[in-house]
Amino acid sequence: MLMSNADRPARLHYMANGFRVLVPGDHVVCAITGARIALEDLRYWSVRDQQPYATAQVSSEALAPR
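Residues numbered from 1 in each chain as written. Predicted model: local features only at pLDDT ≥ 70, side-chain atom pairs only at ≥ 80, totals over all residues. Heavy atoms only, no water.

1. Regarding the overall build of the protein chain
Then, number 1: Broken down by element type, the protein chain carries one helix and six strands.
Then, number 2: Its helices and strands in sequence order give the protein chain the pattern β-β-β-β-β-β-α, from N to C terminus.
Then, number 3: Referenced to the eigenvectors of the C-alpha coordinate spread, the extents of the protein chain come out at roughly 50 × 20 × 15 Å.
Then, number 4: Buried residues in the protein chain amount to 27% of all 66 residues.
Then, number 5: In the protein chain, of all internal contacts separated by at least 6 residues, the share reaching a separation of at least 24 is 24%. (Helix = DSSP H or I, 4+ residues; strand = E, 2+ residues; numbered from the N terminus. Buried < 20%, exposed > 50% of the residue type's maximum accessible area, 1.4 Å probe, protein only. Contact = heavy atoms within 4.5 Å.)

2. Quick notes on the nonpolar core
A general tendency of soluble globular proteins is for nonpolar side chains to be buried together.
Then, number 1: The biggest cluster of nonpolar side chains holds twelve residues, and these are Ala-10, Leu-12, Tyr-14, Val-28, Cys-30, Ile-37, Leu-39, Leu-42, Trp-45, Tyr-53, Val-58 and Ala-62.
Then, number 2: Of all the elements in the fold, those that place two or more residues in this core are strand E1 (11–15) and helix H1 (56–63). (Core = buried A, V, L, I, M, F, W, Y, C linked by side-chain atoms within 4.5 Å.)

3. Describing the packing of aromatic side chains
Then, number 1: On inspection of all chains with the given rule, the structure shows two aromatic pairs.
Then, number 2: Among the aromatic side chains, those forming a connected cluster through ring pairs are Tyr-14, Phe-19 and Trp-45. (Phe/Tyr/Trp six-rings, centres within 6.5 Å; stacked < 30°, edge-to-face > 60°.)

4. Let's talk about the side chain of His-27
Then, number 1: Note on placement: His-27 falls in strand E3 (residues 27–29).
Then, number 2: Side-chain polar atoms of His-27 contact the backbone oxygen of Arg-8, separated by 3.3 Å.
Then, number 3: Discounting chain neighbours no more than four positions away, the residues touching His-27 are Asp-7, Arg-8, Pro-9, Ala-10, Arg-36, Ile-37, Ala-38 and Leu-39. (Polar contact = N/O pair within 3.5 Å; in protein donor to acceptor, adjacent residues only side chain to side chain.)

Here it is, written out as structure tokens:
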């Protein structure tokens, strides 16, 4: 039986210029907002924290020095 990756969260390894799929899926979940992000729409993440972010603003706020 073939398994579809539709509606399954992916597990990724985030690198400086991209990411590698560790577990296939069609989306990830924003570490801050909990929003679902389709892999083709994923643009923001933290290499250090290995977390995805939904928008540039969320990313900036999450990565700002405290």
